[in-house]
Amino acid sequence: AGRKGAVVAIEVQTGEILACASAPTHDMNDLSPFIPFSVQNEINETGGWLNRAVQGLYPPGSTFKVITSMAGVRSGAITPETRTDCVGYFRLGSRVFKCHKHSGHGVVDLKQAIEKSCNVFFYEAGVRMGISPIVDEAKRFGLDIPTGVELFEETSGMVVPTPAWKRARRGDGWSTGDTVNVSIGQGDLLVTPLQMACMAASFARGETRTRPTLVHDATRDPSTIDHGGNPIGLTPAQYEEVLDGMEHSAQTGTSRLAAIPNVRVAGKTGTAQVMVKQVPLTLAWFMGFAPIDNPQIAVVVMIEGEDPRDGYQGGTTAAPIGGAIMRQYLGIPQAPERF
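The structure contained in this document is the topic of the report that follows. (Residues numbered from 1 in each chain as written. Predicted model: local features only at pLDDT ≥ 70, side-chain atom pairs only at ≥ 80, totals over all residues. Heavy atoms only, no water.)

1. Examining the packing of helix H2 (residues 65-75) against helix H4 (residues 119-129)
Point 1. With their axes 10 Å apart at the nearest point, H2 and H4 run at an angle of 45° to one another. Between H2 and H4, the crossing angle belongs to the class labelled oblique. Classified by chirality, the crossing of H4 by H2 is left-handed. For the pair H2 and H4, the contacting residues are Lys65, Thr68, Ser69, Ala71, Gly72 and Ser75 in the first and Asn119, Phe122 and Met129 in the second. (Axes fitted to C-alpha atoms, helices over the stretch in contact; angles between N-to-C directions. Helix = DSSP H or I, 4+ residues; strand = E, 2+ residues; numbered from the N terminus. Parallel < 35°, antiparallel > 145°, perpendicular 65-115°, else oblique. Left-handed = near helix turned anticlockwise from the far one by under 90°. Contact = heavy atoms within 4.5 Å.)

Below, the structure is given as structure tokens:
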């Protein structure tokens, strides 16, 4: 209530959209038989014309670390033996890239890096593998193209940046610093909440694509649906390593406010930084699915900060909303309100 953002919930096996909400919005009844100037002005001022779920383009922040994790594992840049000593920052030449925990996380492996959302682990992994595996992984999951949902207003402006894209768009060469930024879901990377929800559902099934649909069909047989993707391309051990990190994120890590008693939840939070009219703001993200052992619902929540003092964060702002939605769908009594 009273905040800008979007929520998308998808049935994991079928791709049927359970919820696709954007706020603020507008009431179609107020637009008929004509649009009063007062109504138009109010919608203009609040940004209520924009369907943020399918038209809003945002850096996904640390929710993208699931993509970076798979890229690192598949490229060999991340192995079960990979460890990073996070001291709170990563130095690249004269530039310093900070971790969200300024005192550092200490020595972490992949599972712990996902659980704690350690930036430094993924900075180093991005430098080791370079941008190509990250781009390839993002494209495998369709983050560079529209989902094809039956909504004419779905944007086609999403960006998975590459050296060629930057040269054409900015006239500049690609730097290692660009790779570092993209590795944690920042830089020029832009996606929609619907895309990230599809990505979560795809990962939950162990595939690379989810074909979302607004049409509910009670006779639909999930086993016959071709979402247009491929097997996820990880060994069972590699998949479990990433999944364990997401489960621990919901148990004891940054997604713990999305936890549901007696339900195995996979989660990943993100707190992205954006500049709006030269004002630094944050986007609070949560991406998750449940139950892990029989995935039914995938959820993405994105809340836009409107003031630098808002202090919005993925773990405290978006995760409780994602947890409440999953509880509702699974028929589990709600926890005391935490958002």
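2. Description of the side chain of Glu115
Point 1. With respect to the element layout, Glu115 can be found in helix H3 (residues 110-116).
Point 2. For the buried Glu115, no salt bridge exists, and the shortest N-O distance to an oppositely charged side chain is 5.7 Å, to Lys116.
Point 3. Here Glu115 is in contact with Gly245, His248, Ser249, Thr252, Gly253 and Thr254, once residues within four sequence places are set aside. (Buried < 20%, exposed > 50% of the residue type's maximum accessible area, 1.4 Å probe, protein only. Lys, Arg positive; Asp, Glu negative; His and termini not counted. Salt bridge = Lys/Arg side-chain N within 4 Å of Asp/Glu carboxyl O.)

3. What about the pattern of salt bridges?
Point 1. This model, assessed by the stated rule, comprises 10 salt bridges.
Point 2. Of the charged contacts in the structure, one is a salt bridge between Glu137 and Arg140, with a shortest N-O distance of 2.6 Å. Of this pair, Glu137 and Arg140 both sit in helix H5 (residues 131-140), three residues apart, which is roughly one turn of the helix.
Point 3. Taking the shortest distance from any N to any O, the salt bridge between Arg205 and Glu207 comes out at 2.9 Å.
Point 4. Taking relative accessible area as the criterion, Glu207 reaches 28% and is therefore assigned partly exposed.
Point 5. Via salt bridges that share partners, Arg74, Glu137 and Arg140 belong to a single interconnected network.

4. Observations regarding the nonpolar core
Point 1. Core analysis: the biggest nonpolar cluster contains 71 residues, and Leu143, Phe203, Trp285 and Phe289 have the highest contact counts within it.
Point 2. Counting residues per element, this core draws most heavily on helix H8 (residues 193-205), at nine residues.
Point 3. Grouped together as the second largest cluster of nonpolar side chains are 19 residues, Val7, Val265, Val301 and Ile303 included. (Core = buried A, V, L, I, M, F, W, Y, C linked by side-chain atoms within 4.5 Å.)

5. Side note on H8
Helical periodicity: at 3.6 residues per turn, an α-helix aligns residues three or four positions apart in one direction.
Point 1. Here H8 is 13 residues long and its end C-alpha atoms lie 19 Å apart, about the 18 Å a rise of 1.5 Å per residue gives.
Point 2. Backbone geometry just after H8 places Gly206 at a positive phi near 80°. (Expected span 1.5 Å × (residues − 1).)

6. Thoughts on a nonpolar patch on the surface
Point 1. Together, Val87, Tyr89 and Val96 give the surface a local cluster of nonpolar side chains, amounting to about 240 Å² of exposed area.
Point 2. Position of Val87 relative to the elements: it lies in the loop between strand S3 (84-86) and strand S4 (89-92).
Point 3. What makes Val87 partly exposed here is its relative accessible area of 41%. (Patch = residues over 30% accessible without salt bridge, like charges linked within 9 Å, V, L, I, M, F, W, Y side chains within 5 Å. Areas by Shrake-Rupley, 256 points an atom, 1.4 Å probe, with all protein chains shown as cover.)

7. Section: the environment of Asp221
Point 1. Looking at the secondary structure, you find Asp221 in the loop between H8 and helix H9 (236-251).
Point 2. For Asp221, a relative accessible area of 38% translates into the label partly exposed.
Point 3. With 25 residues separating them along the chain, Asp221 and Met196 place their C-alpha atoms 24 Å apart.
Point 4. Among the polar contacts listed, one links the side chain of Asp221 to the side chain of Ser223, at a separation of 2.8 Å. (Polar contact = N/O pair within 3.5 Å; in protein donor to acceptor, adjacent residues only side chain to side chain.)

8. As for unusual backbone geometry
Point 1. A cis geometry characterises the amide bond from Ala23 onward to Pro24, with omega recorded as -5°.
Point 2. Here Pro24 is to be found in the loop between strand S2 (17-23) and helix H1 (37-46).
Point 3. Although it is not a glycine, Asn262 sits at a positive phi angle of roughly 65°.
Point 4. The residue Asn262 is located in the loop between H9 and strand S7 (266-276) in this model.
Point 5. A relative accessible area of 84% means that Asn262 is categorised as exposed.
Point 6. Look at Gln278: it is not a glycine, yet its phi comes out positive at around 65°.
Point 7. Mapping Gln278 onto the fold places it in the loop between S7 and strand S8 (279-290).
Point 8. A residue is classified by how much of its surface remains accessible, and Gln278, at 74% relative accessible area, is exposed.

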